[in-house]
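# Secondary and tertiary structure notes
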Amino acid sequence: MSGTSARRFVSRSLGLLLASWLVVPAAGAFEAWDGRLQLHGFYEMQLRALNADYREEWDVSQWWNVLNLEIEADLLQDTIGPIDLVGAYARVEVRFDCIYSRGCGMFRSMNAYGDRTEKLPRRLSNAKDVAAHGVLSKPLDPDPERRSGATREAVLLERVSGFSTLADGTGPDQCNRNDGTCNDVGDDPFPYVFANSSEFRFTQIQGRGGRQEGLPTQVLGPWLPKNFVVNAAALDDRVNPFDADNILPFTFASPGGPISGGGANPFRPIPVVQERQDGTFGRASSTPRGLYLPSRAFQRKLESGDLESTLPFNLRQAERAWNRGSSQRDEKELKEAYLDIEMFDSRLWLRLGKQNIVWGKTELFRTTDQFNPQDLALASLPSLEESRIALWAFRAVYSFYEVGPLEDVRLELAMNFDQYETNDLGACGEPYTPNPVCQASFGAFAHGVTGLGLAGAELPDNPWDDSRGIEFGGRLEFRWDRFSFAISDFYGYNDLPFAERLSTYERNVDPNTGRPRIAGSRGRCDTVAGAEEACLTPGPTTRTVATSVSGAGLWAADRASAANNALLNHHANLQIFGMICSTTLGFSTLDASSCAQTVFGSSAIAGGLFPINNLLGAVLAGGVGINNTLVAGNFAEELSPLVALDRAGQDSDTDGLPNGVPCVDPNSGAACGAGGGFGPIANLSDALTIEQEALLGCGPFWGTNCDNSGIDLLNMDASVILQSFVGFEGTTDGWRTDDVTVAQPGTAGFAGGPVCTSASFGGAPGAKLPGCRGPGDPGYDPNVDGDPAGVGFEGAGQPGSLAALGTTVF
């Protein structure tokens, strides 16, 4: 705001305040029927502004116009039986905040809050994250000042840290829609996947810690009131990329024409219920469909009905302007309404209705004042009288007067008989809402699209349905001489929310065999049939052969083992895996139908010569290049040196048959390694044990063939790949790609962990694999773990080891 604008604003505000003081009369009362009916009321204006450390311009954060009306009535004049007095009281409070309408149409510069937010104060947009540039920049803005945050505008999801990388995907045409250097045909997957959130706006603030390019940021939002947060099933109308029955709708304009989904396998299943077609957005359901693949724990929570369908984050602009937040949704402007009854010569006093129950004498600390929550988003430091949220309750006080040496002895019993209310913390985008609320709002949004974050809110039972929903307490007060005493007890619920873990994602396999287990299970899964209760069973891979069961999302062929099937009980996050795959489809020119996680298992021909899956398996097996020469085909090309994997006695083909017996892919029926032509030692299935293959997420335990289906990033052990890159712990100083006698990255100096040992390099001692133990380590038994002669690291065939990969140079 310029100096002139600031002066104009101050002058107008002072004028309005003066006019309100001159025009609006002081609070007064109206009486009727000899004073038995009284009406009180007042009007006030509350104007607040904020400034962070007085280092930036002021922004008007509140312009309340408050009309308060109170009515009191004596309903009973004469005593009737034990009843001495009956009175009634009601209070209505109407509030309207002009900040959501640009100063009620008088100040266009008031635009930090509401659906027309344009300029945020710096305290709400000061992120300096190098990758995301906070929320302040527009995509590809040539102005460095705007890119660094000078404009302070809330941005779209595509520029939010964590989503911006996905938004940069190019689609099959290899041209990004935000890149003016190419002619995009509109096949970018990100806009399709997040079409329902395309207008959401977010802001980011600077976190503490970090330096240079590691500055942490915190995402706040969605910021605009019209951006409704959906905490579940936000992508249930988006096509699942693994579903071969679907034509992916965002690839119609791709250079290669329409592309079908694909890539499902028994432990990377698809939902058999088709994606929603009715246009609804985020209808919570326990049935997996489209890109909505809820965890079993979340499904059970939905089916129990305990999760609230109405989130406190979703408050429209009008509801914010009229102060109809989560605590005012039911009765709106009605703040209090109750009856006062006195009985038995006024010894018993009762109050029934919507009321505040105030216990305690202190002004700041609510030690015993626990019955009523507060509206903490009402102002910066609202008074208790202003911020208390009245509840429907019952209160009774009986006066014993004097009991022995004790005076003014009173027993009070009180009970809240209302649906539980938390402290009203406001909604993201309101000026006095704490930042954690915005982070919770983003967490709920993230759960809706990724299955990771804030799943929802669970409230205590309604008192009308269950007595456990009643909050109650008792208090005994008395005086002795000059001292006052009060003994009180309250049973109720915390007014502030807390986080409770619903489910934890992990790679869960039986450590003895590598067989997959259901989420959270720690039981045995070591039989060939995998029939134990803890074992995860295959899920559906196609809808064409599946018969869905109405309302259950199961299929007839698997109903008997539905309690363990991979679609419902997978230990990993299927939803975030599918979402990332959908937003990275077509990222590689090798195969437009593959995404970043499935290209390794693609059967597309690379370079017109070899299928990608066979080629990758041959590289890992060390069968592509030996002595720097590509031996497959009729040409030679310089490569990094590759060392062929050893073949030990315990190695077997993917189907578990002994060496020499033809291997057939259990899914396609094709021969293992078909189309590769890399010779007898080229295939992973020929050089690894089935336990070693399980570490790659493939093989018999996972119902696939490592050569034809490729490694599975969903089901593999991440340490197998991540700890084998240059620079990770366990990398020998001075490691070179052309020296096969040096231990490979991630393999040197480890102790403890499972037995995973590599074979020798031409008689030289080998190296331990990531997180493994070997000869000389505590707990290593050469008679059990291998190398009984003590001649070196010859335990290549040990269950759970990955000896073969340790000898491959990348």
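Not measured: the values here are computed from a predicted model.

What counts, and where the lines are drawn
- Residues numbered from 1 in each chain as written.
- Predicted model: local features only at pLDDT ≥ 70, side-chain atom pairs only at ≥ 80, totals over all residues.
- Heavy atoms only, no water.
- Helix = DSSP H or I, 4+ residues; strand = E, 2+ residues; numbered from the N terminus.
- Buried < 20%, exposed > 50% of the residue type's maximum accessible area, 1.4 Å probe, protein only.
- Areas by Shrake-Rupley, 256 points an atom, 1.4 Å probe, with all protein chains shown as cover.
- Core = buried A, V, L, I, M, F, W, Y, C linked by side-chain atoms within 4.5 Å.
- Disulfide = S-S within 2.5 Å.
- Pairing = 2+ DSSP bridges.
- Contact = heavy atoms within 4.5 Å.
- Axes fitted to C-alpha atoms, helices over the stretch in contact; angles between N-to-C directions.
- Polar contact = N/O pair within 3.5 Å; in protein donor to acceptor, adjacent residues only side chain to side chain.

## Some remarks on the overall build of the protein
Along its length, the protein carries 16 helices and 17 strands. Residues classed as buried in the protein amount to 49% of the 810 residues present. If you sum the accessible surface of the protein, you get close to 38,100 Å²; carbon and sulfur atoms cover 55% of it.

## Quick word on the nonpolar core
Counting residues in hydrophobic clusters, the biggest one holds 40 residues, and the most contacted among them are Leu157, Phe163, Phe194, Phe202 and Phe445. Listed by contribution, the elements that provide at least two residues to this core are helix 3 (164-167), helix 4 (189-193), helix 8 (435-450), helix 9 (566-569) and helix 10 (574-583). Counting residues per element, this core draws most heavily on helix 8, which supplies 5 residues. Judged by nonpolar contacts, the second largest core, of 19 residues, contains Trp63, Phe107, Leu224 and Cys438.

## Regarding the state of the cysteines
Under the defined criterion, the tally for this structure stands at 5 disulfides. Covalently, Cys98 is tied to Cys104 through a disulfide, its sulfur atoms 1.9 Å apart. As the torsion about the S-S bond is roughly -70 degrees, the Cys98-Cys104 disulfide counts as left-handed. Among the residues examined, Cys98 registers a relative accessible area of 2% and is labelled buried. Judged by its relative accessible area of 36%, Cys104 is partly exposed. Each sulfur of the disulfide joining Cys525 and Cys535 lies 2.0 Å from the other. Around the S-S axis, the bridge from Cys525 to Cys535 shows a dihedral of about 125 degrees and counts as right-handed. Taken together, the positions of Cys525 in the loop between strand 13 (483-491) and helix 9 and Cys535 in the loop between strand 13 and helix 9 put the pair 10 residues apart, joining distant regions of the chain. Like Cys525, the residue Cys535 is buried in the burial classification.

## Some remarks on the sheet that holds strand 6 (residues 201-206)
Spatial strand order, 5-6-7: 3 strands in an open sheet with antiparallel pairing. Every other strand in the sheet has two partners, leaving strand 5 (155-156) and strand 7 (217-220) as the edge strands with one partner each. Examined bridge by bridge, strand 5 and strand 6 share 2 bridges and lie antiparallel to one another. If you follow Leu156 over to strand 6, its bridge partner there is Arg201. Of the strands in this sheet, strand 6 and strand 7 are in contact with helix 8, which crosses strand 7 at around 75 degrees.

## Thoughts on the side chain of Asp369
Mapped onto the secondary structure, Asp369 falls in the loop between strand 9 (348-355) and helix 7 (384-387). Here Asp369 falls in the buried class, since its relative accessible area comes to 5%. Side-chain polar atoms of Asp369 contact the side chain of Arg388, separated by 2.4 Å. Those residues in contact with Asp369 that sit more than four places away from it in its chain are Ile357, Val358, Trp359 and Arg388.

## So, helix 10
Across the 10 residues of helix 10, 8 count as buried, placing the element largely inside the fold. For helix 10, every residue scored as buried is listed here: Leu574, Gln575, Phe577, Gly578, Met579, Cys581, Ser582 and Thr583. Looking at the buried positions of helix 10, the neighbouring elements they touch are helix 3, helix 4, helix 8 and helix 9. Between the side-chain oxygen of the N-cap and the backbone nitrogen of Gln575 there are 3.1 Å, and the N-cap of helix 10 in question is Asn573.

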